[in-house]
Each structure stands twice: as structure tokens, then as C-alpha cells.
Amino acid sequence: MTDNNQNGARAAKISAAFPFPVGDYPLLLDALFNCSFHGFLIVTGDDRITFMNDSMLKLFGMDRVCPPATISELGRRATPDAATATAAQELWRRYLKATELPERIIQIVRGDGEKRWARFRIFRASPDYCIMCGEDITEQTLTENRFRALLDQSQDGIVLIDKDTGAFVEFNESAHRKLGYSRAEFARLTIPDIDVGESRADFVAHLRRIADQGADTFEARQKTKSGEIRNIHVVAQVISLAGKSYIQGVWRDITNLAVTEKHLRESEEKFRTLAEESPNMIFINQGGRIVYANRLCVELMGYSREELYAPDFDFMILVAPEFHAITRRNFKRHRAGRDVGTYEYEVVSKSGRRIAVFITTKLIHYAGANAILGIITDITELKQANASLEEAAAGLTSQAAALERKNAALQEVLAQIEDGKRRFGRRVRANAEKMILPVLTRLKRRANALAAKDLFLLETNLQNLTSEFAERIGNSSEVLSPRETEICGMIKSGMSSKEIAVQLSISSKTVDTLRNRIRKKLGLANQNVNLATFLQTLA
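Residues numbered from 1 in each chain as written. Predicted model: local features only at pLDDT ≥ 70, side-chain atom pairs only at ≥ 80, totals over all residues. Heavy atoms only, no water.

**A look at the overall build of the chain**
Here is step 1 of the chain: Counting its regular elements, the chain contains 21 helices and 16 strands.
Here is step 2 of the chain: The contacts in the chain between residues at least 6 apart in sequence include a share of 39% that link residues at least 24 apart.
Here is step 3 of the chain: Of the roughly 33100 Å² of accessible surface on the chain, 55% is carried by carbon and sulfur atoms. (Helix = DSSP H or I, 4+ residues; strand = E, 2+ residues; numbered from the N terminus. Contact = heavy atoms within 4.5 Å. Areas by Shrake-Rupley, 256 points an atom, 1.4 Å probe, with all protein chains shown as cover.)

**Considering the environment of Gly 227**
Here is step 1 of the chain: Relative to the elements of secondary structure, Gly 227 occurs in the loop between strand S9 (215-223) and strand S10 (229-241).
Here is step 2 of the chain: Residues Gly 227 and Leu 179, spaced 48 residues apart in sequence, show a C-alpha to C-alpha distance of 9.4 Å.

**Some points on the nonpolar core**
Here is step 1 of the chain: Residues Met 281, Ile 290, Leu 308, Leu 318, Tyr 345, Val 357 and Ile 376 are the most contacted members of the largest nonpolar core, which totals 27 residues.
Here is step 2 of the chain: The biggest single contributor to this core is strand S14 (residues 343-348), with four residues.
Here is step 3 of the chain: In this view, Ile 376 contacts Asn 280, Met 281, Phe 283, Tyr 345, Val 357, Phe 358 and Ile 359; residues no more than four positions away in its chain are not counted.
Here is step 4 of the chain: One finds Leu 207, Ile 210, Ile 232 and Ala 236 within the second-largest nonpolar core, a separate group that totals 20 residues. (Core = buried A, V, L, I, M, F, W, Y, C linked by side-chain atoms within 4.5 Å. Buried < 20%, exposed > 50% of the residue type's maximum accessible area, 1.4 Å probe, protein only.)

**Here's the deal with the sheet that holds strand S16 (residues 369-378)**
Here is step 1 of the chain: Judged by pairing direction, the sheet is antiparallel, and its five strands sit side by side in the order S13-S12-S16-S15-S14 without closing on themselves. Only two strands of the sheet have a single partner each, and these edge strands are strand S13 (289-293) and S14. When strand polarity is set aside, the average angle formed by the axes of neighbouring strands in this sheet is 40°.
Here is step 2 of the chain: Bridging between strand S15 (residues 354-366) and S16 involves 10 bridges; their strand directions are antiparallel. Note on S16: the bridge partner recorded for Leu 363 is Ile 372. (Pairing = 2+ DSSP bridges. Axes fitted to C-alpha atoms, helices over the stretch in contact; angles between N-to-C directions.)

**Some thoughts on the packing of helix H19 (residues 497-504) against helix H20 (residues 508-521)**
Here is step 1 of the chain: It is the contact of H19 with H20, at a shortest axis distance of 8 Å, that shows an interaxial angle of 115°. Overall, the two elements H19 and H20 adopt an arrangement that is roughly perpendicular. Viewed along their axes, H19 and H20 form a crossing whose handedness is right-handed. Facing H19, whose interface residues are Ser 497, Lys 498, Ile 500 and Ala 501, H20 presents Ser 508, Val 511, Asp 512 and Arg 515.
Here is step 2 of the chain: Its residues placed into classes, the contact of H19 with H20 shows three nonpolar, two polar and three charged. (Parallel < 35°, antiparallel > 145°, perpendicular 65-115°, else oblique. Left-handed = near helix turned anticlockwise from the far one by under 90°. Nonpolar A, V, L, I, M, F, W, Y, C, P; charged D, E, K, R; others polar.)

**Here's the deal with the sheet that holds strand S2 (residues 49-52)**
Here is step 1 of the chain: Reading across the sheet, the five strands line up as S2-S1-S5-S4-S3 and stay open at both edges, with antiparallel pairing between neighbours. With one partner strand each, in any of the chains shown, S2 and strand S3 (104-109) form the two edges of the open sheet. Between one strand axis and the next, the sheet turns through 30° on average, direction left out of account.
Here is step 2 of the chain: The sheet contact formed by strand S4 (residues 115-126) and strand S5 (residues 129-136) spans eight bridges and is antiparallel. Looking at S5, one finds that Phe 120 is bridged to Gly 134.

**Quick word on unusual backbone geometry**
Here is step 1 of the chain: With a phi close to 60°, Ser 505 is a non-glycine residue in the positive phi region.
Here is step 2 of the chain: Locating Ser 505 in the fold gives a position in the loop between H19 and H20.
Here is step 3 of the chain: Of note in the backbone geometry, Asn 526 takes a positive phi value of approximately 60° without being a glycine.
Here is step 4 of the chain: As for its placement among the helices and strands, Asn 526 is situated in the loop between H20 and helix H21 (531-536).

**A closer look at the packing of helix H18 (residues 482-492) against H20**
Here is step 1 of the chain: Closest axis-to-axis distance for the H18/H20 pair is 10 Å, and the angle between their directions is 95°. Classified by the interaxial angle, the pair formed by H18 and H20 is roughly perpendicular. Residues Arg 483, Glu 484, Ile 487, Cys 488 and Ile 491 of H18 form the contact with H20, whose own contacting residues are Leu 514, Arg 515, Arg 517, Ile 518 and Lys 521.
Here is step 2 of the chain: Here the residues of the contact of H18 with H20 sort into five nonpolar, no polar and five charged.

**Here we look at the pattern of salt bridges**
Here is step 1 of the chain: In total, this model carries 25 salt bridges according to the counting rule given.
Here is step 2 of the chain: A salt bridge links Glu 73 to Arg 77, with the shortest nitrogen-to-oxygen separation between them at 3.1 Å. Residue Glu 73 and its partner Arg 77 are both found in helix H4 (residues 71-77); the two are separated by four residues, about one turn of the helix.
Here is step 3 of the chain: Between Arg 116 and Asp 136 there is a salt bridge, and its shortest N-O distance comes to 3.1 Å. A residue pair is termed long-range when its members are at least 10 positions apart, and Arg 116 in strand S4 and Asp 136 in strand S5 qualify at 20 residues.
Here is step 4 of the chain: The class of Arg 116 is buried, set by a relative accessible area of 15%.
Here is step 5 of the chain: By sharing partners, the salt bridges in this structure join Arg 110, Glu 114, Arg 116 and Asp 136 into a single network. (Salt bridge = Lys/Arg side-chain N within 4 Å of Asp/Glu carboxyl O.)

**Focus: empty space enclosed by the protein**
Here is step 1 of the chain: Scanning the model with the defined rule gives two cavities of 30 Å³ or more in all.
Here is step 2 of the chain: In this structure, the largest cavity occupies an estimated 340 Å³ of space.
Here is step 3 of the chain: Forming the walls of the largest cavity are 22 residues, and the residues nearest its centre are Phe 283, Phe 315, Tyr 345, Ile 359 and Ile 376.
Here is step 4 of the chain: Counting residues per element, the ones that place at least two in the lining of the largest cavity are strand S12 (281-286), S13, helix H12 (295-301), helix H14 (324-335), S14, S15 and S16.
Here is step 5 of the chain: Broken down by element, the lining of the largest cavity gets its largest block of residues, four residues, from H14.
Here is step 6 of the chain: Classifying every residue of the lining of the largest cavity by side-chain character gives 17 nonpolar, five polar and no charged.
Here is step 7 of the chain: Forming the boundary of the second largest cavity are Gln 155, Gly 157, Ser 174, Ala 175, Lys 178, Leu 179, Gln 222, Arg 230, Ile 232, Trp 251, Arg 252 and Asp 253. (1 Å grid on protein atoms, 1.4 Å probe; cavity = no way out; pocket = protein on both sides within 12 Å on 5 of 7 lines; lining within 4 Å. Points joined across faces, edges and corners; volume = space filled by probe spheres on them.)

**Quick notes on the confidence of the model for the chain**
Here is step 1 of the chain: In this model, the chain carries a mean pLDDT of 82, and residues with pLDDT of at least 70 account for 86%.
Here is step 2 of the chain: Here helix H1 (residues 2-17) stands out as the least confident element of the chain, with mean pLDDT 58; helix H13 (residues 305-309) is the most confident, with 94. (pLDDT = per-residue confidence, 0-100.)

**Overview of the packing of aromatic side chains**
Here is step 1 of the chain: Under the defined criterion, the tally for this structure stands at 10 aromatic pairs.
Here is step 2 of the chain: Ring centres of Phe 168 and Phe 186 lie 4.4 Å apart, and the angle between their planes is 20°; this geometry places the pair in the stacked category. A residue pair is termed long-range when its members are at least 10 positions apart, and Phe 168 in strand S7 (residues 168-171) and Phe 186 in helix H8 (residues 183-187) qualify at 18 residues. Each member of the pair Phe 168 and Phe 186 is classed as buried.
Here is step 3 of the chain: Here the aromatic cluster, defined as three or more aromatic residues joined through ring pairs, consists of Phe 168, Phe 171, Tyr 181 and Phe 186. (Phe/Tyr/Trp six-rings, centres within 6.5 Å; stacked < 30°, edge-to-face > 60°.)

As C-alpha cells, this is what we get:
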């Protein structure tokens, strides 16, 4: 009887809580609401909460001991501050007055202070009351937020496309931002609106192929909002979400990469052109293998490119055996990232010919990996030229030594000749003084004045016979005539022009003319130099 009374009281309370007839099954209706994983509450037009199931209480972190009596109280208890609570109440009033009641997602604060995300739907049952359905979507929201954060951090554009219409169902920040569109603008576009090169019909056919094949990878061109054309690489695949198929597209902007690759190709073409025309052997060694050899390498070494590039070709057979150690040592230094200076060694051609070379190597990045660029200069002719120069230098040294010896001998002969001249001069002067000058002295005593002058001149000339006077006046720029030489001797002996004229039976004017000619030939013209004094310095 007691249980029946309690059930009856419970049924009466439930019937009063629901502002609509519940018929004969109020307890069943209560059980249905309280067993639901979704929260339910009933609110009247005057803001009173007449029913709130266990799931809704749990969602807000409340219990049946002290449930909220009104929506306003619920808002105050489920918001972090008064301002937020007031705003929530105003939103609730506008919401209830709206013609349509859309689904809303809001963040609530539970009784224990924990923040949760909830999705609410409101059903206007009549002008007098509404039924609110609430669902805790915190985990789902956090997962979606994490997923969104990951998507938006990606530098690649990621889109979800309706495979039937080509419309964007979802997309990340990079997808619209890199094309210059806002999120709202981009949401209104389809692939044909941004794609360059495919007509709408081509696009539909392409979508169909992707749907049939399940995936596709291709390159395309996209037009930004400003009209700039960008090159992209696209990876597309079909995925299924909630039982519906979509096309997920991931695209990467490769415009700069395409420009870089173009420049790289141009640089490689220039390198190959220069390398092929180079007067040096040029090669690239990557990981111990020759991956490039220019024309001169092929010609001088005698191996074809196919032989040189073969995976099993040992480049050490190109190096003379005595240089293997230094080659391996330098190769090891390069592989450790260190530079190696230019050095000399010898290479061996296929025919066995040895070639002396200088090699210069440099670490480079080639085809995506480290490599060694080598430039080899044939120095065979240089070494031959150096050998010839050394031989010629040795010959010149020998000749210089021989010439030095001959010069010493010549100096000795000249010294002997000079000594002989001095002895000869002394003998001549001695003989003249002992045998001729005494005779002249006697003749001067018996001769008249004119003859005495001649005898004086004869004596003077005999005294100058072994002197350098005649030789010195003969070294002038212009050769003196015999008459001019004779007059020089008279002037040197102190005779005046008049005395010379009388002695030679010529006029004084002629003597003056000859004197002027002598001065000119001796380089004394227009100089304030006494001719007699100058001639005496030549004795």
C-alpha cells in the first residue's frame, strides 16, 4: 500500500511537471526521459523549469537536491561571471522569441568549475512551454579542435570536396589564405572557379576518374583572387564519412620549386656546356662512383662514358699506383667535409699511357647529394718545357762559366799589353832623350829664329810621342784633319795664332778659322774654355 501511495504521488508530480496531458503512463514517461543519454528539461513561458532529467542535471554538474528552478538561475549557475550570465539570459529571451530555433553549441561551467561544451536543441511544443534537449559534446569538440588546429597549421591546402558537385565541404586555413580568399568567400567557390586549364566538363570527368580509381596524383594551376597563377601538386583520394563518399584533396604550392628547378636546369645546362668545351678534364665523383665525365676525359683516358659510369667501375684504376695512397687520403678528407688543395699526380689511360696532371677538387651538392667536382689539368707539355728550360739553364751556366774564364784570360792579356805599352813608351822616351834631343839642342843653337821654332815643335812632338795626346784629340765626335792636329800641337806648346801663321806660312785669318773648327770638333763651341788650357789637360 505504501509503494502504491509513493508511485501515486510520483505520478501526480510528474503529471504536474509536464504541461501537457501524459495520460495513464506518467511513470513510463519519466523512466524514458531519465534513461536517455541526452539531457531534457521543460521550461514554461514565464521562465520556470518544470522538469529536468538526470542526464541534464549531470551535464550541468547538479543534482536533485538543489536543482535550478528557472532558466535564469540555471544561466547564473552555469556561467563564469555575472556579465556572462546576463548576456546568456538576454540571448535566451531572444532565442525563445525567434520564429526558428536553430541548434546552438555553447560552453557551460559545471558546479565543480569544470568547463564543458554542449549542444542544445529547443522544441517549441506550444506558446506556453519549450522542451530543451542537451548533449555533452566536450570530447567531440576537443577532438575536432585538435584536428582543426592540425589542419590549420599545415602549410599545404587540405580540402574535402563533394564528389558530385565539386563544392568545398570543409577546408583548412592554407587552402583559402594562400589563394587570397576569406573563409566565407572560399566556401562559396568550387574547384572550376580556381582551376586554370580544365573546363567544367573536364573537371567533372576528372572527378569521375578519381571516384572510379580511388585516388590520383597530378599537377595543376590555380588562380588566386588577385589573378596570379600558381603551380600546385595535388594528391586526391576518395574517403567515406558517415556513410557518404567525399574526395579529400591535399595540394602543395610548387611555384617557387618550379622556378628553382628551372634555374637549376639552366645552371646544369650552362655547366655542361662549359665543361664539354673546357680544355681540362672535368668529372663528378659521388660516393666513389663517377657520375659525370666531360668530353676530354673520354678522349684522353680512352674509356667511354658507359664504362666510366658503370656501377662496378673502380675509379682508382685511373690513378697511377704510386699515387693511390694520397688519392685515398684526400678522398677520405672530402667525405669528412674538408677541403683539399691542388696537388700533382699521374693518371693512367686505358692504353696504359701515363699523364702528369694537376688536380683541383671541390665539395658540391649534385642531384640531391654531396659529391666531389674534380678539374684535371694535363701538365705533360709544361713538365717537358720545364725540363728543357732546366737543361738550357744548365747550358747557360756552363757557357757563363766558360765566358768568365775567357774574360779573365782576356783581362790578363790586356794587362800584359798595357804593361808592354808602358815599357815601350819608357824605352822610346829614353832613346829620344839620349840620342835625338841632344842633336836637336845643338841644331837649335845654330839655327835661325824660324828654324828654331820648327826644331822646338819637333822637340815637343818627340816628347809627346808616347803620350795619349794625339789619341785623345782623335777621339772627338768629328775627326781632326792632319793640319788641325798639327795646329793643336802648336797651340798646346803655347804658340799664338800669329806665330802659327808665320811658322806655317798661312794667314792669321786662316789660323783663326782652323781654331774655330777645332773648338767645334772638340765640343768647345760657345763655351768659355781656353783652347790651349784644354789641350794641355789632354797630355
